[in-house]
Amino acid sequence: RNGLALYLLGCVYLLGKEHPAALVDQDLQQAKRYLSNASVNGYSIAMPLLAEVELSMQNPQAAIIWAYLANHYQNVKLERRNQNASRVRAAYYPELVERSIRALGDAYDADKVLGDVNAFLKRYDAQIRESMDGAKSPIPDSMLPERGFKRDLKSFPMFDSSGLRMAIDYKA
């Protein structure tokens, strides 16, 4: 599968008539479908969009999982490029995770979330990493944020439990 094509289709459905091409009406279910397929095909830049879609659809449990995964794979990319992760860690991802946690409120269960994240990693990590080798980001490095939020993701728990409880709309 072509991760870039799936990502772009997801963006078309996410933006709907607001997209410059204005080809389709906004359809968040279709956006989720294409963005999740882009994600498991190595296009991890779709993961934070999935978190945003899940938040807008009032599904904070899935949103926080995608937010953690987005952070994880951003770190993988930065490590592969031998770049300092602090500029990205200090920006968008902590805020996305925090918004997801706030949306969950008292229902937030770190063990369950991290179990779901770990189960996803166990099932798809090798495939994603292999696909990432050939994937190019549509966002140039020069556009990545230099500064952002003060909270560092090192304060968030590590992924260390298992058990798949998140529905993945992945079609092989």
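Scroll up to find the structure.
Everything numeric in this text was worked out from a predicted model, so none of it was measured. (Residues numbered from 1 in each chain as written. Predicted model: local features only at pLDDT ≥ 70, side-chain atom pairs only at ≥ 80, totals over all residues. Heavy atoms only, no water.)

Asks: Give me the packing of aromatic side chains: which residues, what numbers.
Replies: Any pair of aromatic rings gets described here by the distance separating the centres and the angle formed by the planes. In the structure shown here, the tally under the stated rule is five aromatic pairs. Relative to Y43, the ring of Y7 has its centre 5.4 Å away and its plane inclined at 40°; by these criteria the two rings are tilted. Here Y43 lies in the loop between helix 2 (28–40) and helix 3 (46–56) and Y7 lies in helix 1 (residues 3–15), a separation of 36 residues in the sequence. Residue Y7 shares its accessibility class with Y43, and that shared class is buried. In this structure an aromatic cluster arises from ring pairing among W66, F120 and Y124. (Phe/Tyr/Trp six-rings, centres within 6.5 Å; stacked < 30°, edge-to-face > 60°. Helix = DSSP H or I, 4+ residues; strand = E, 2+ residues; numbered from the N terminus. Buried < 20%, exposed > 50% of the residue type's maximum accessible area, 1.4 Å probe, protein only.)

Asks: Lay out the nonpolar core in plain terms, naming residues and giving numbers.
Replies: Here is a general trend for soluble globular proteins: nonpolar side chains tend to be buried in one another's company. Judged by nonpolar contacts, the single largest core of 42 residues is most densely connected at Y7, M47, L69, Y73 and F120. Within the residue set of this core, elements represented by two or more residues are helix 1, helix 2, helix 3, helix 4 (60–80), helix 6 (92–104) and helix 7 (110–132). When residues of this core are assigned to their parent elements, the largest contribution, ten residues, is made by helix 4. With sequence-adjacent residues up to four places away left out, M47 is seen in contact with S39, W66, L69, A70, Y73, F120 and I128. (Core = buried A, V, L, I, M, F, W, Y, C linked by side-chain atoms within 4.5 Å. Contact = heavy atoms within 4.5 Å.)

Asks: How would you explain the pattern of salt bridges if you had to name every residue and give the values?
Replies: Throughout the structure, instances matching the rule amount to five salt bridges. Of the charged contacts, one joins K112 and D116 as a salt bridge, the two residues approaching to 3.5 Å between their closest N and O atoms. Taken as a pair, K112 and D116 lie in helix 7 at a separation of four residues, close to a single helical turn. For the salt bridge of R129 with D125, the shortest nitrogen-to-oxygen distance reads 2.8 Å. Taken together, the positions of R129 and D125, both in helix 7 and four residues apart, correspond to about one turn of that helix. On the basis of relative accessibility, which here comes to 28%, the residue R129 falls in the partly exposed class. Residues participating in the shared-partner salt-bridge network are E52, E95 and R99. (Salt bridge = Lys/Arg side-chain N within 4 Å of Asp/Glu carboxyl O.)

Coordinates in, geometry out; function isn't part of it.
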